[in-house]
Amino acid sequence: MRPSGRKLDQMRDVSVEVGFTKHAEGSALIKVGDTHVLCTATIEDRVPPFIKGSGLGWVTAEYGMLPRATNTRMRRESAMGKQGGRTVEIQRLIGRALRAGVDRVALGERQITIDCDVLQADGGTRCASITGGWIALRLAVNKLMKAGDVISDPLVDPVAAVSCGIYAGQPVLDLDYPEDSEAGVDGNFIMTGGGKLIEVQMSAEGSTYSRDQMNQLMDLAEKGVSELVAVQKSVTA
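For clarity, every value in this text was computed on a predicted model and none was experimentally measured.

Observations regarding the UniProt feature "domain: Exoribonuclease phosphorolytic" (unreviewed entry) in the chain
- With numbering matched to this structure, UniProt assigns "domain: Exoribonuclease phosphorolytic" (unreviewed entry) to residues 10-140 and 157-224.
- With 30% helix and 31% strand, residues 10-140 has its two end C-alpha atoms placed 31 Å apart.

Next comes the structure, spelled out in structure tokens:
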């Protein structure tokens, strides 16, 4: 029934290569099917002005897509002079999602920036960015702890994200682009490793959905996030 031949509750193949770049304090190339995102973490001994002197740390994110990440070439946003609304919305989502799993007091007054660059897109780029971004963040924090710069672990719970939707009348897990482009209902679910919700983005796209269908999608999301968290833990142990 699904274009990929997957079962309704089956994720795409997920793989992660940590330490993908030489200079970043943490880096991971995450592949979720044919969606590939490079996530890097940068530690800086400064924070935004609005929390300076508070003793609190900060985690933020930036997001972008390479010109040929998609089927046709996109102009670089730098060439257009500003970021698009979608880019701004996604990077804000990544930042607040990752902050939900961080004890900012334990982090101390420093900033960690997560850069998420989409090398290849086939649906679910924001979800892959959040999942891979957490891995890069975890690796960077491990370095802080090893150096003794942070005494207690500021990462309280892993954060991961997955898409779910109603495709051809059926609830499905982890939509790829052919499904995403035709789904009657599309949702992104951001959760902690402990199963707590951080954010849910749900919208009907040409079709309404029932409370029962939403519950079914929630169940699928819990399954998908638990699998992603297992991957996160396996590559950062």
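Details of the state of the cysteines
- Here the structure, examined in full by the defined rule, presents zero disulfides.
- Residue Cys116 stays outside any disulfide, its sulfur separated by 4.1 Å from that of Cys39, the closest cysteine.
- Just so you know, Cys164 is unpaired, no disulfide at all, and the nearest cysteine sulfur is the one on Cys127, 8.4 Å from it.

So, the packing of aromatic side chains
- Going through the model one piece at a time under the given rule, you end up with one aromatic pair.
- Residues Phe50 and Trp58 carry aromatic rings whose centres are separated by 5.2 Å and whose planes lie at 90° to one another, so their mutual orientation is edge-to-face.
- With a relative accessible area of 59%, Phe50 lands in the exposed category.

Side note on the nonpolar core
- Core analysis: the biggest nonpolar cluster contains 39 residues, and Ile94, Ile112, Ile114, Ile130 and Leu137 have the highest contact counts within it.
- At the level of secondary structure, the elements contributing two or more residues to this core comprise strand S2 (26-32), strand S3 (35-44), strand S4 (58-65), helix H2 (85-99), strand S5 (111-120), helix H4 (125-146) and strand S6 (159-167).
- Setting aside residues up to four positions removed in sequence, Ile94 forms contacts with Ala61, Tyr63, Cys116, Ser129 and Ile130.

Description of the packing of H4 against helix H6 (residues 211-236)
- It is at 10 Å that the axes of H4 and H6 come closest, and there the two elements cross at 30°. Between H4 and H6, the crossing angle belongs to the class labelled roughly parallel. Where H4 crosses over H6, the handedness of that crossing is right-handed. Along its contact with H4, which presents Thr131, Trp134, Ile135, Arg138, Leu139 and Asn142, the element H6 presents Leu228, Gln232, Val235 and Thr236.
- Considered class by class, the residues forming the contact of H4 with H6 number five nonpolar, four polar and one charged.

Conventions used here
Residues numbered from 1 in each chain as written. Predicted model: local features only at pLDDT ≥ 70, side-chain atom pairs only at ≥ 80, totals over all residues. Heavy atoms only, no water. UniProt positions renumbered as here; feature names shortened; annotations may be inferred. Helix = DSSP H or I, 4+ residues; strand = E, 2+ residues; numbered from the N terminus. Disulfide = S-S within 2.5 Å. Phe/Tyr/Trp six-rings, centres within 6.5 Å; stacked < 30°, edge-to-face > 60°. Buried < 20%, exposed > 50% of the residue type's maximum accessible area, 1.4 Å probe, protein only. Core = buried A, V, L, I, M, F, W, Y, C linked by side-chain atoms within 4.5 Å. Contact = heavy atoms within 4.5 Å. Axes fitted to C-alpha atoms, helices over the stretch in contact; angles between N-to-C directions. Parallel < 35°, antiparallel > 145°, perpendicular 65-115°, else oblique. Left-handed = near helix turned anticlockwise from the far one by under 90°. Nonpolar A, V, L, I, M, F, W, Y, C, P; charged D, E, K, R; others polar.

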